[in-house]
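Results of the structural survey
Next come the chains, spelled out residue by residue.
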Amino acid sequence: MSILVTGANGQIGTILTRNLREIYGKDEVIASDILRPNYDDDPFLMLDILNVQRIREIIEDFNITEIYHLAAILSANGEWNPLKTWNVNLNGLLSVLDLAREYALEKVFFPSTIAIHGPTTPKIDTPQDAPFMPTTVYGMSKLAGEYWCNYYHQRFGLDVRSLRYPGIIGHDSLPGGGTTDYAVEIFHEAINRGHYTCFLAPDTRLPMMYMDDAMRATNELMQADKTKIRIHSGYNLTGMSFTPAELADAIRVHIPTFTIDYKPDFRQEIAASWSQTIDDSRAKEDWGWTPAYDLEKMTADMIYHLDKFYSKKSN
Ligand code: NAD
Ligand code: AKB
């Protein structure tokens, strides 16, 4: 088995690559990105996902059998250059799917997102098959991507598996231009400055998940017996849901002097178009998903690790 991770230098890719190497061995997991990581991350290859010939060469040279296709431009950054975002997010995926078909790869992982939700999507306990009409180009590209994943499965039998990740929160990597990024930034600012100015309004409730849970969900999905996977577009998935004000309260349990103010920007409108809570019963039924982290447990773990990181840095 030889795994290629695209977008491996990002918030999730950094952790997922490490995690896959722990499971399958360092040399079996090839990390790739358009940006070189600033730490030792071998084996690492430069790969622009729009360079189809380069993906082909990597599949052949390294006998790739699985691709975890993370490369993408996220919701907030995507709005600065919609056509580029569509090109990277959708055409990048199409190249991966088509090469996976051509080379008969064993599995492909595609991370979808709650950004496929739009104003017509029910906001509470969003069902698996809700009406979706995303308002961002990122959401549009991911929803179209889900349809293509399902098409490649039905038409060519490709084993493509996908999760609709909520906002992911972790202490070991920084987010890359999404709308849920506030829920990571707030911890760094709380520890370093004791204050955070939030770009979302205090009552903006969004579905979120701790990185440890996201890694476990990804591994459980990818390792599940083929017969258990009944959805090949994207499984609804959730860990917790909270507002910026509730997260600030949870942080104050550990840092009582922490303060927050709010200056909502263009990301508020994006967040307001997404759901607040998710029904992930299909993931529970099909491959046994259960989250381990709630708001309190996630907050305690984030503060523990970031406290350790920053005090080591200052010594
Ligand atoms: P990120 O922005 O941190 O990382 C994306 C990576 O893709 C970056 O390292 C970037 O350099 C790379 N990239 C961009 N354009 C590229 C190109 N043309 N070719 C190759 N690489 C390119 O994003 P992330 O948070 O790590 O997200 C990873 C995946 O998970 C994405 O597909 C994203 O849509 C999905 N996702 C993330 C979240 C989240 O909260 N982090 C939630 C839902 C879904
Ligand atoms: C974003 O905010 O764009 C991402 C996501 C939920 O897909 N974190």
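In case you missed it, the structure is sitting above this.
Our subject in this report is the structure included herewith. All values reported here derive from a predicted model rather than from experimental measurement.

A few points about the site of ligand 1
- Taken together, 28 residues sit near ligand 1, with Q11, I12, D33, Y138 and K142 positioned nearest.
- In this structure, K142 approaches ligand 1 through a side-chain N or O atom, which is 2.8 Å from an oxygen atom.
- One of the backbone N or O atoms of I168 is found 2.9 Å from an oxygen atom in ligand 1.
- Coverage of ligand 1 by the protein amounts to 92% of the 820 Å² it exposes when considered alone.
- Under a 2 Å grid-point criterion requiring more than half of the atoms, the pocket assigned to ligand 1 is the largest pocket.
- Taken together, the elements giving at least two residues each to the shell around ligand 1 come down to α1 (11–24), β5 (107–113), α5 (137–156) and β7 (167–169).

Thoughts on the site of ligand 2
- Residues in close proximity to ligand 2 include L74, S75, T113, I114, Y138, G178, T179, T180 and W274, which together make up its full environment.
- Between T113 and ligand 2, the recorded distance is 2.7 Å, taken from a side-chain N or O atom to an oxygen atom.
- A distance of 2.7 Å is found between an oxygen atom of ligand 2 and a side-chain nitrogen or oxygen belonging to Y138.
- Most atoms of ligand 2, that is more than half of them, are within 2 Å of grid points of the largest pocket.
- Residues belonging to the shell around ligand 2 are distributed by class as follows: four nonpolar, five polar and no charged.
- Lining the shell around ligand 2 are residues from two domains, each supplying at least three of them: domain 1 (3–168 + 210–236) and domain 2 (171–207 + 239–276 + 293–314).

Remarks on a nonpolar patch on the surface
- On the surface, W148, Y151 and F156 cluster together into a nonpolar patch covering about 280 Å² of accessible area.
- Overall, the relative accessible area of 38% leaves Y151 in the partly exposed class.

A word on the sheet that holds strand β1 (residues 3–6)
- The seven strands lie next to each other as β3-β2-β1-β4-β5-β6-β10, forming an open sheet whose pairing is parallel. Strands with a single pairing partner mark the edges of an open sheet, and in this sheet they are β3 (44–46) and β10 (235–236).
- Relative to β10, strand β6 (residues 160–165) runs parallel, the two sharing two bridges. Residue pairing for β10: R164 is matched across the bridge by N236.
- Sheet strands in contact with α5 are β5 and β6, and its direction is about 150° off that of β5.

Quick word on the environment of T113
- Looking at where T113 falls in the secondary structure, it is placed in strand β5.
- Setting aside its immediate chain neighbours within four residues, T113 contacts Y138, K142, L163, R164 and Y165.
- A polar contact of 2.8 Å, which involves the side chain of T113, links it to the backbone nitrogen of A115.

A short note on unusual backbone geometry
- For N63, which is not a glycine, the phi torsion comes out positive at approximately 45°.
- Relative to the assigned elements, N63 resides in the loop between α2 (52–61) and β4 (66–69).
- The class of N63 is exposed, set by a relative accessible area of 58%.
- Although it is not a glycine, D125 adopts a positive phi angle of roughly 50°.
- For D125, the position within the fold is in the loop between β5 and α5.

Observations regarding the nonpolar core
- I169, Y182, F187, F242, L247 and M298 are the most contacted members of the largest nonpolar core, which has 38 residues in total.
- If you list the elements that add at least two residues to this core, you get α6 (182–192), β8 (195–198), β9 (206–210), β11 (240–242), α8 (244–252), α9 (267–272) and α11 (295–314).
- When residues in this core are grouped by element, the largest group, seven residues, is from α6.
- Taken domain by domain, the makeup of this core includes at least three residues from each of domain 1 (3–168 + 210–236) and domain 2 (171–207 + 239–276 + 293–314).
- Dropping the residues within four chain positions of it, F187 is found in contact with I169, L247, I251, M298, T299, M302, I303 and L306.
- One finds A8, L20, L221 and W287 within the second-largest nonpolar core, a separate group that totals 31 residues.

Scoring rules and cut-offs
- Residues numbered from 1 in each chain as written.
- Chains lettered and ligands numbered in written order.
- Predicted model: local features only at pLDDT ≥ 70, side-chain atom pairs only at ≥ 80, totals over all residues.
- Heavy atoms only, no water.
- Near = heavy atom within 4 Å.
- Polar contact = N/O pair within 3.5 Å; in protein donor to acceptor, adjacent residues only side chain to side chain.
- Areas by Shrake-Rupley, 256 points an atom, 1.4 Å probe, with all protein chains shown as cover.
- 1 Å grid on protein atoms, 1.4 Å probe; cavity = no way out; pocket = protein on both sides within 12 Å on 5 of 7 lines; lining within 4 Å.
- Sits in = over half its atoms within 2 Å of the grid points.
- Helix = DSSP H or I, 4+ residues; strand = E, 2+ residues; numbered from the N terminus.
- Nonpolar A, V, L, I, M, F, W, Y, C, P; charged D, E, K, R; others polar.
- Domains from an automatic or database assignment.
- Patch = residues over 30% accessible without salt bridge, like charges linked within 9 Å, V, L, I, M, F, W, Y side chains within 5 Å.
- Salt bridge = Lys/Arg side-chain N within 4 Å of Asp/Glu carboxyl O.
- Buried < 20%, exposed > 50% of the residue type's maximum accessible area, 1.4 Å probe, protein only.
- Pairing = 2+ DSSP bridges.
- Contact = heavy atoms within 4.5 Å.
- Axes fitted to C-alpha atoms, helices over the stretch in contact; angles between N-to-C directions.
- Core = buried A, V, L, I, M, F, W, Y, C linked by side-chain atoms within 4.5 Å.

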